[in-house]
Amino acid sequence: MIKKIVLLFTIIVLASCSSSKPAVAATKKTTVQKPRVATTKKPAYSKPAVKNYPSTNNTTEVIQSTSKTVVTSDLINNYILQFKDIAMGNMKTYGIPASIILAQGILESGAGKGDLALEANNHFGIKCHKDWLGESVRHDDDSAQECFRKYPEAAESYRDHALFLVGKNRYATLFTYEKDDYKSWAKGLRAAGYATDPNYPDKLISYIERYNLHQYDCQVTGKNYTPISKTTTNPTKSTSPVKTNSNSNDPNLYEVQQGDTLYSISKKFNLLVDDLKQKNNLTDNAISIGQRLKVK
């Protein structure tokens, strides 16, 4: 009996000792998180957008032929680069100055942006006439809804222009001029009835001299080409009003120089372009080097 009591007492003592130890919480080990760093994808580097600013010489003018077309000098230069080789090829084959071909193309087609050029690839305003058997379009010109030739591509228009001049008796006089005499050709085209505009020769000559188209004649003939400029024309000449005769200066007149436009002249004399055109009875913005304009 005493043994049982002692055994029981021992068990109680042992139990009380074990319960007095601090309980150890068996908790799940928590993961220590490092400070969070925001990671953003580095944007791909892109160069700043480059704006296509117009060049300082990129002037605007209106070409009036079979349609009224607003063009820039850059557009005309691009047109020249596109068709200069065809023009020189036609000069070699048919004897027509490349400068005249390009100037007519610029004027008649609005540098490729006129209605006929876009609709019919007609770059020279050639009407159907009785001998035309190809496609055609109707377009208002001297009369309403006149018949104009239509071509599958612009190069065909250039070829037909050459054949048109070669094949018509009224243009025979043109081929008596020197191949590179663009001034005689410009005046001869008007005299032969190619255009009814009395200023047609001046317009052609203006494009030839402003855009140095005569250089392509020289490439065909093998002659040296000298660009037309203010310095080569007259090294001492200023942009002040020019002489109207050998004895006096007329401050009311200005002689058009290489690179001049109606806009630049109007700014020079504090005029509006429309006022300048009205003073000189101009119907469009085409001017030619050496032309004298009233500015006062």
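What comes next concerns the included structure. As the structure is a prediction and not an experimental result, all values here were calculated from the model.

Our next topic: the environment of Asn77. Tracing the backbone shows Asn77 in helix H2 (residues 73–94). A sequence separation of 29 residues divides Asn77 from Ile106, and the C-alpha atoms of the two residues are 9.8 Å apart.

With that out of the way, let us pick up the side chain of Asp217. Following the sequence through the fold, Asp217 ends up in helix H8 (residues 214–221). One buried charge, Asp217, has no salt-bridge partner; the nearest side chain with opposite charge is Lys223, at 9.4 Å. Within the structure, the side chain of Asp217 is placed 2.9 Å from the backbone nitrogen of Ala98, a separation counted as a polar contact. When neighbours within four sequence positions are excluded, Asp217 is seen to be in contact with Met91, Pro97, Ala98, Ser99, Asp180 and Tyr182.

With the rule as written, the count across this model stands at eleven aromatic pairs. Taken together, a centroid distance of 5.8 Å and an interplanar angle of 50 degrees make the contact between Phe164 and Tyr171 tilted. With respect to class, Phe164 is no different from Tyr171; both count as buried. Among the aromatic residues, those joined into a ring-pair cluster are Tyr79, Phe83, Phe124 and Tyr158.

Two numbers describe how H2 lies on helix H3 (residues 98–109): the axes approach to 8 Å, and their chain directions differ by 135 degrees. When the axes of H2 and H3 are compared, the pair comes out oblique. For the pair H2 and H3, the sense of crossing is right-handed. For the pair formed by H2 and H3, the contact residues are Ile76, Tyr79, Ile80, Phe83, Lys84, Ala87, Met88, Asn90 and Met91 on the first element and Ala98, Ile101, Leu102, Gly105, Ile106 and Ser109 on the second. For the contact of H2 with H3, the class distribution of residues is eleven nonpolar, three polar and one charged.

Thresholds, definitions, all that
Residues numbered from 1 in each chain as written. Predicted model: local features only at pLDDT ≥ 70, side-chain atom pairs only at ≥ 80, totals over all residues. Heavy atoms only, no water. Helix = DSSP H or I, 4+ residues; strand = E, 2+ residues; numbered from the N terminus. Buried < 20%, exposed > 50% of the residue type's maximum accessible area, 1.4 Å probe, protein only. Lys, Arg positive; Asp, Glu negative; His and termini not counted. Salt bridge = Lys/Arg side-chain N within 4 Å of Asp/Glu carboxyl O. Polar contact = N/O pair within 3.5 Å; in protein donor to acceptor, adjacent residues only side chain to side chain. Contact = heavy atoms within 4.5 Å. Phe/Tyr/Trp six-rings, centres within 6.5 Å; stacked < 30°, edge-to-face > 60°. Axes fitted to C-alpha atoms, helices over the stretch in contact; angles between N-to-C directions. Parallel < 35°, antiparallel > 145°, perpendicular 65-115°, else oblique. Left-handed = near helix turned anticlockwise from the far one by under 90°. Nonpolar A, V, L, I, M, F, W, Y, C, P; charged D, E, K, R; others polar.

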